[in-house]
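One letter stands for each residue in the lines below.
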Amino acid sequence: RGSATLAPPAPGPAAQPIPPMGEASGFSKAPATTLGDPARFAAPSIPAGDSYRAVAAALRQSYDADAARREAVPKAAWKLRERALFADTFFAEAASRAAQPRSIDATVDDHQDEQPPPRVLEVGAGAGWDSAYFRDRGAEVVCTDLSDGMVALALEKGLDARCVDLLRLDGLGKAAFDAVYALNCLLHVPRRDLGRVLAQLRGVVRPGGLVYCGNYGAPRGAQTWEGIKLDDWATPPRFFSFLDDATRCAVVKPFFDVEDFAAFDVADDRGDDEAVRTNKRTRRFQRLILRRPL
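Scope of this entry: the structure provided in the associated data block. Please read all numbers here as calculations on a predicted model, not as lab measurements.

Let's talk about the pairing of strand β5 (residues 160-163)
For a regular strand, the rule is simple: side chains alternate between the two faces of the sheet.
Now for step 1: Where strand β4 (residues 140-145) lies against β5, 4 bridges are found, and the strand directions are parallel. For C143, the partnering residue across the bridge sits in β5 and is A161.
Now for step 2: This β-α-β element, β4 to helix α5 (residues 148-156) to β5, shows right-handed connectivity.

Here it is, written out as structure tokens:
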């Protein structure tokens, strides 16, 4: 088990393919992406000490209004690869744990020695497609979202879906999950509240458990910025916090060990893999695989 070695990103002529998990990948050599210009963002009016709550109401409205469209839009190929990579990782670890010899109390029923399936929590689960994938591969899944409309769609898939925001995850149980999957949801958390959310994630995953934290970030070479995206297609416009690579890695270290870090260009929601190859309609994506220390 290693930790990511951070170094200044180097320029390069073309976007790199999505790197595999399992080793610290460092910074990619992808060119600057098209996402973001500070002039396109407006600082929201956020009461001190209540940052996330101040933006969550508008986020809920945006995702409630967009739930039906998101249900119908196929997932980008790179997102499918990311969830498969993480699922392969936590299922392999679950199989390894199951293979470990266990002491058996003669008074205990033999069936109680069977290893239960891995318990997975997805936060910011949207309509529940990724949670359904984990479930269909054999995991026991709980998924959460702050949007009632999204949760309703997840419930229709037979999922254990709950309307819970990122600061109330402790109600799901202490150290209750083997793995947590968080794709493009922490980017809606104001920087000054991010530690509180990470503490919630740490609290629900068991010691030694894995957390996938993937988010769009600031373009390569750009600094962190956050605010309400003025030209957002959603209504009302959403709040985003785009962290630079070094900040993204630094904020998690008080809570988790970094197993793997990679940053690379991906197609945006209206692009595809060809867009990445031609450096059009792309965003910089930051993947962190984290482990709660024992």
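A short note on the nonpolar core
General note: in soluble globular proteins, nonpolar side chains tend to be found buried as a group.
Now for step 1: Residues L186 and L198 are the most contacted members of the largest nonpolar core, which totals 45 residues.
Now for step 2: Among residues more than four places away in sequence, those in contact with L186 are L166, L194, V197, L198, L201, C213 and N215.
Now for step 3: Counting 25 residues, the second largest nonpolar core, distinct from the first, contains V120, A139, L210 and F264.

Quick look at the pairing of strand β7 (residues 205-216)
Now for step 1: Of all 12 residues making up β7, 11 are buried, and the element is well covered by its neighbours.
Now for step 2: As defined by bridge partners, strand β6 (residues 177-183) adjoins β7 across 6 bridges and the pair is classed as parallel. Across the sheet, A179 pairs through a bridge with L210, a residue of β7.
Now for step 3: As for the winding sense of the linkage, the β-α-β connection from β6 through helix α6 (residues 194-204) to β7 is right-handed.
Now for step 4: Inspection of the sheet shows β7 paired to strand β11 (residues 282-291) by 7 bridges, in the antiparallel sense. Its bridge partner lying in β11, V211 is registered against L290.

Comments concerning the environment of A127
Now for step 1: Assignment of secondary structure puts A127 in the loop between β3 (119-123) and α4 (129-136).
Now for step 2: For the pair formed by A127 and C143, sequence separation is 16 residues and the distance between their alpha carbons is 9.6 Å.
Now for step 3: Look past the residues within four positions of A127 in its chain and what remains in contact with it is E71, M150, L153, A154 and K157.

Remarks on the state of the cysteines
Now for step 1: Tallying each qualifying case throughout the model produces 0 disulfides.
Now for step 2: Looking at the unpaired C185, the closest cysteine sulfur is the one in C213, lying at 7.3 Å.
Now for step 3: Taking the relative accessible area as the measure of exposure, C213 reaches 3% and is therefore buried.

Quick notes on the pattern of salt bridges
Now for step 1: As enumerated under the stated definition, the model contains 21 salt bridges in all.
Now for step 2: Between E82 and R287 there is a salt bridge whose closest N-O contact spans 2.7 Å. Residue E82 is located in helix α3 (residues 77-99), and its partner R287 is located in strand β11; the two are separated by 205 residues in the primary sequence. The same class applies to E82 and to R287, which are both buried.

Calculation notes
Residues numbered from 1 in each chain as written. Predicted model: local features only at pLDDT ≥ 70, side-chain atom pairs only at ≥ 80, totals over all residues. Heavy atoms only, no water. Pairing = 2+ DSSP bridges. Helix = DSSP H or I, 4+ residues; strand = E, 2+ residues; numbered from the N terminus. Right-handed = clockwise from strand over helix to strand, strands pointing away. Core = buried A, V, L, I, M, F, W, Y, C linked by side-chain atoms within 4.5 Å. Buried < 20%, exposed > 50% of the residue type's maximum accessible area, 1.4 Å probe, protein only. Contact = heavy atoms within 4.5 Å. Disulfide = S-S within 2.5 Å. Salt bridge = Lys/Arg side-chain N within 4 Å of Asp/Glu carboxyl O.

Scope: geometric values only; no functional claims are made or implied.
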